[in-house]
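Residue-level structural notes
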Amino acid sequence: MKYKADQKKWLLGGCEIASDTMCGGELGATSEWCANTAKALGVKTQRMWMHAVDIIKRDEMSDRLILDKVAAKPFHEYAALLKKAGVERIVAMNHTFFYPYGYEKLRPDSSVAPDPYGDEEMYKRWLLMYCECYKLLAAEFPEIAFWECGNEYDWYGFMHQNIADKVEAYPEQTTGLILADLCYAARKGVHSVAPEAKIVLPGFTTAECGFHVFGYMYEAIESKHLPTIEAFDLTDPDEYFDILAWHPYGEGKVEQTREICNNFHSVAEAHGDGEKAVWLTEIGCTEVMKVGDGKDLTQVQQEVAETMAGIFRMAREEMPWLETIFIFRYTSCLDPSVNDYESRFGIFYSPYDDVNHGKPKPVAIAIYKYLYGENADVSPLYWYSKNFGITEAEDKKQK
């Protein structure tokens, strides 16, 4: 029987990097700002960036991992703010790795994966550390019941070979095997202390390799050679992950998002896994995609609004297995370290914008009205900007 999601309660999700928990967030988008924005939108599920290397350290002379309670504190505070704001489900996402003592890592980043065929001993130790990492996280954060154990691992930028002079992906079949192993390791670690918690499959990209790796991941599970860290095989995907996830950035078009989602879901169905819930742990439409052809910003923002509202409509009308759409991201970014493409996904202006002061963009209003009715009161969306005299009424006057 196909999964029937409770979209009325869970369809709207959100994700934003809180600037006071890790780098990469817009400075004004603090934990408090993110939580209040989630409350204004009525979000019930929030994705939290929580990199393990920021909270856990490896012993200098062994593979032992040690959790830093002081470093964990801001994440506890963020989770508490989200709960207070009405968020019922928090999904924590980490896409960093720890490495065994003695492993010669040829690149400085934390996205290197040991070779499962050429370096079997280190690969197994690496997986065992991933398992222990998630055991420590789940034990420390009982308030978090969902763990997305990676992000876009089908893309070489987030998981690649141990090569010194370049960043290069593993062959797609190997990537699929590694991904399955990582999911099992994370699930085993989490379930050792929190057996009811759920593992969310690391969200796949929309590149062609994503579809291939997704299929190869299932083939690796079915091969009777996994999981690597056990002396027995497990061929049921339920032993590896509980919720499917992908990131269908469809070039700003509803029809492309539809095609991506249906293609991924078809792969799951072909491997007997179509009954699982699906979360789009990232999806958005950057204004950059709509720029051109003489359009002004008003036209661009209206097209973005229509696209995103259309994606929510598509989910309700066509995809009963799609449970939650996580909007990426809450705020536009003024931080110059964020490129223009990334910085303009926000459905609100930056709280640091000294003209718009964090007011909702048309896309936020369009999503809100689609979910709660065309005549819904959108004044909650101005919760921050009203402190600077920008209310719904004043906003309409300016337009």
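All values reported here derive from a predicted model rather than from experimental measurement.

1. Section: the pairing of strand 10 (residues 322–328)
For strand 10, a buried count of 7 out of 7 residues is recorded, marking the element as mostly surrounded by other parts of the structure. Note: strand 1 (residues 12–15) against strand 10, 4 bridges, orientation parallel. Bridge pairing links leucine 12 to isoleucine 325 in strand 10.

2. Let's talk about unusual backbone geometry
Cis peptide bonds are those with omega within 30 degrees of zero, and the linkage from leucine 226 to proline 227 qualifies with 0°. If you trace the backbone, proline 227 turns up in the loop between helix 6 (208–222) and strand 8 (244–245). The omega angle of the peptide bond from phenylalanine 328 to arginine 329 is 5°, so this bond is cis rather than trans. The topology assignment puts arginine 329 in the loop between strand 10 and helix 10 (340–343).

3. Things to note about the pattern of salt bridges
For the structure on display, the rule yields 21 salt bridges. Salt-bridge contacts for glutamate 323 lead to arginine 89; the nearest nitrogen and oxygen are separated by 3.1 Å. Placement of glutamate 323 in strand 10 and of arginine 89 in strand 5 (residues 89–93) is noted, with a sequence separation of 234 residues between them. One exposure class covers both glutamate 323 and arginine 89, and it is buried. One salt bridge connects lysine 276 with aspartate 273, and the closest N-O pair in it is separated by 2.6 Å. As far as the burial class goes, lysine 276 and aspartate 273 line up, both buried.

4. Details of the pairing of strand 2 (residues 45–49)
For strand 2, a buried count of 5 out of 5 residues is recorded, marking the element as mostly surrounded by other parts of the structure. Alternating positions in strand 2 separate into two faces, Thr45, Arg47 and Trp49 on one and Gln46 and Met48 on the other, with burial throughout. Here strand 2 runs beside strand 5; their pairing, made up of 5 bridges, is parallel. Along strand 5, the bridge assignment pairs arginine 47 with valine 91.

5. A few points about the environment of leucine 201
Here leucine 201 shows up in the loop between strand 7 (198–200) and helix 6. Sequence separation of leucine 201 and tyrosine 101 is 100 residues, and the distance between their C-alpha atoms is 28 Å.

6. Remarks on the packing of aromatic side chains
The full count for this structure, using the stated rule, is 30 aromatic pairs. Judged by centre distance (5.8 Å) and plane angle (35°), the ring pair of tyrosine 123 and tryptophan 126 falls under tilted. A residue pair is termed a helical-turn pair when its members lie 3 or 4 positions apart in one helix, as tyrosine 123 and tryptophan 126 do in helix 4 (residues 120–140) at 3 residues. On the basis of relative accessible area, tyrosine 123 is assigned to the buried category, the value being 1%. Above the plane of the ring of tryptophan 10 lies arginine 89, whose end atom (NZ or CZ) is 3.7 Å from the centre. Between the NZ or CZ atom of lysine 361 and the centre of the ring of tyrosine 349, over which it lies, the distance is 5.3 Å.

What counts and how
Residues numbered from 1 in each chain as written. Predicted model: local features only at pLDDT ≥ 70, side-chain atom pairs only at ≥ 80, totals over all residues. Heavy atoms only, no water. Buried < 20%, exposed > 50% of the residue type's maximum accessible area, 1.4 Å probe, protein only. Helix = DSSP H or I, 4+ residues; strand = E, 2+ residues; numbered from the N terminus. Pairing = 2+ DSSP bridges. Salt bridge = Lys/Arg side-chain N within 4 Å of Asp/Glu carboxyl O. Phe/Tyr/Trp six-rings, centres within 6.5 Å; stacked < 30°, edge-to-face > 60°. Lys NZ or Arg CZ within 6 Å of the ring centre and 35° of its normal.

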